[in-house]
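So you can see what is in the structure, the chains are spelled out below.
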Amino acid sequence: MITRLAKAGLAVALSVTTLTTGAVLTAGAAAAAAPKAPSAKAPAPKAPAPKAPTATASTSAQHVTVSQSGNYPGGFFTTGTMSASWVSAGTADLTGPTHFTVDLPPGVTTDGAMFYSTPYDYTFTETLSPDGRHLEAVLTGTRVVGKSEFMKLNLRTTPGVPIAGVITVTAANPNDTDPTGHVSRYDLGTGGYLPATAQAAPSVTGLDTTTGPGTGGTAVTVSGSNLAHGMVLVGGVPAPGTCTDTACTVTTPGGSGSALVSVATPGGTAAAPAGFDYTGAAPPAPPAPAVTSLSPASGPVAGGTRVNVIGSNLTYGTVAFGGVPATHVSCGPSFCTATAPAGSRTGPADVTVTTAGGTSAPVTYTYTA
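Residues numbered from 1 in each chain as written. Predicted model: local features only at pLDDT ≥ 70, side-chain atom pairs only at ≥ 80, totals over all residues. Heavy atoms only, no water.

Participant: What's the story with the overall build of the protein chain in this structure? I'm lost.
Facilitator: The number of helices and strands found in the protein chain is zero helices and 34 strands. Taken across its 369 residues, the protein chain has 47% of its residues classed as buried. Working note: accessible area of the protein chain is about 15900 Å², and carbon and sulfur atoms make up 61% of it. (Helix = DSSP H or I, 4+ residues; strand = E, 2+ residues; numbered from the N terminus. Buried < 20%, exposed > 50% of the residue type's maximum accessible area, 1.4 Å probe, protein only. Areas by Shrake-Rupley, 256 points an atom, 1.4 Å probe, with all protein chains shown as cover.)

What follows is the structure in structure tokens.
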């Protein structure tokens, strides 16, 4: 595992983990016309590729849609950039892990993605294939309705290989039951978006290994169909690995007891017919969370104040005010955002964060009239 900081200027703000490992509705409906060739005198500035329109209303309360745009390589331009964008487009907050993939055609590569979004109430990991053509990323956090974010990729081409083929971006979240809006496809040859298609719902038929130590690290092959662009979850935790249409090869995270195994794809989520049974001792608990400050540290007793919770070891945390759970909670390693619930009275209330490592010592939030 290599922890790679984001590019200059954002390194302090963003921690990106890179593991080197070996559709679904296009947000755009009509292909855009290819740009005119520049004059022989000098290459003309390259106009951004047309961005696809947003998808229609979702049938799932939690829903994510994806699109892409950029200055793609083509013509005189042998390098380019692109952005893979996503929106929390349902009627309820998008929660849990959201999985993204970017697939590049032969002759086009990237050195990884840069993701920068504030506040830092999330974790973001990315995995790039050795050939630089397949990228997977997982964003874990709560994204309120309407939240829009993107990751940026630099694109390079191989001399002698025609700049052609399709760039495909996908999204999947196990809480999203609507298969639309989950893929954007851009054709470098025509310079336009391809028509909408839908990936078939996945099916999981079995696991080649169903037991392993609680510390994790067991190699497991998940078999089935329509698993392409998938993310395997073991006990709700993403398992690192890759998926083809018929199989996913992953490594189990740590855990205990019997854990449900499922695969979330752009076409939906399917559970395995058998779970994975952890044996032996469970992995050690993570460090206990600690809260150092709140901003703001007060708000009306009616609740509804958006509060930043600063501390350490806060990942996957839940936040409570005076013992009452907060809403719209999203936590990264050192930062949570939460909406304060209504208080029982004016005055001080203890704010705590609870994770698998325990519950933090309280800090004081003051409810005002």
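Participant: So what exactly am I meant to see when it comes to the sheet that holds strand S24 (residues 276-279) here?
Facilitator: The strands that make up a sheet pair up through hydrogen bonds in the backbone, lying either parallel or antiparallel. The sheet built from three strands is open, its strands ordered S15-S24-S21 with mixed pairing. Edge positions in the sheet fall to strand S15 (211-213) and strand S21 (258-259), since each has one partner strand and no second. The sheet contact formed by S15 and S24 spans three bridges and is parallel. Of the residues in S24, the one forming a bridge with proline 213 is threonine 279. (Pairing = 2+ DSSP bridges.)

Participant: Explain the pairing of strand S23 (residues 268-271) to me, please; I cannot follow it from the model alone.
Facilitator: Strand residues, when the strand is regular, have side chains that alternate between the two faces of the sheet. Judged by which residues are buried, S23 turns out to be one-sided: Gly268 and Ala270 face inward and are buried, whereas Thr269 and Ala271, on the alternate face, are not. The hairpin formed by strand S22 (residues 261-265) and S23 contains two residues between the paired strands.

Participant: Mind showing me how you'd approach the nonpolar core here?
Facilitator: The nonpolar side chains of a soluble globular protein tend to be buried with one another. Counting 28 residues, the largest nonpolar core has Val102 and Met151 as the members making the most contacts within it. Counting residues per element, the ones that place at least two in this core are strand S3 (64-71), strand S4 (79-88), strand S5 (97-103), strand S7 (113-115), strand S8 (123-128), strand S9 (134-140), strand S10 (148-157) and strand S11 (166-172). Setting aside its immediate chain neighbours within four residues, valine 102 contacts Met82, Ala84, Arg133, His134, Leu135, Met151, Leu153, Ile167, Thr168 and Val169. Counting residues in hydrophobic clusters, the runner-up holds 19 residues, among them Val309, Ala349, Tyr365 and Tyr367. (Core = buried A, V, L, I, M, F, W, Y, C linked by side-chain atoms within 4.5 Å. Contact = heavy atoms within 4.5 Å.)

Participant: How should I be thinking about the sheet that holds S23 in this particular structure?
Facilitator: Spatial strand order, S18-S17-S22-S23: four strands in an open sheet with antiparallel pairing. Strands at the two margins of the open sheet, each flanked by one partner only, are strand S18 (237-238) and S23. Where strand S17 (residues 231-234) meets S18, two bridges bridge the pair, whose relative direction is antiparallel. Pairing of valine 234 across the sheet is with valine 237, part of S18.

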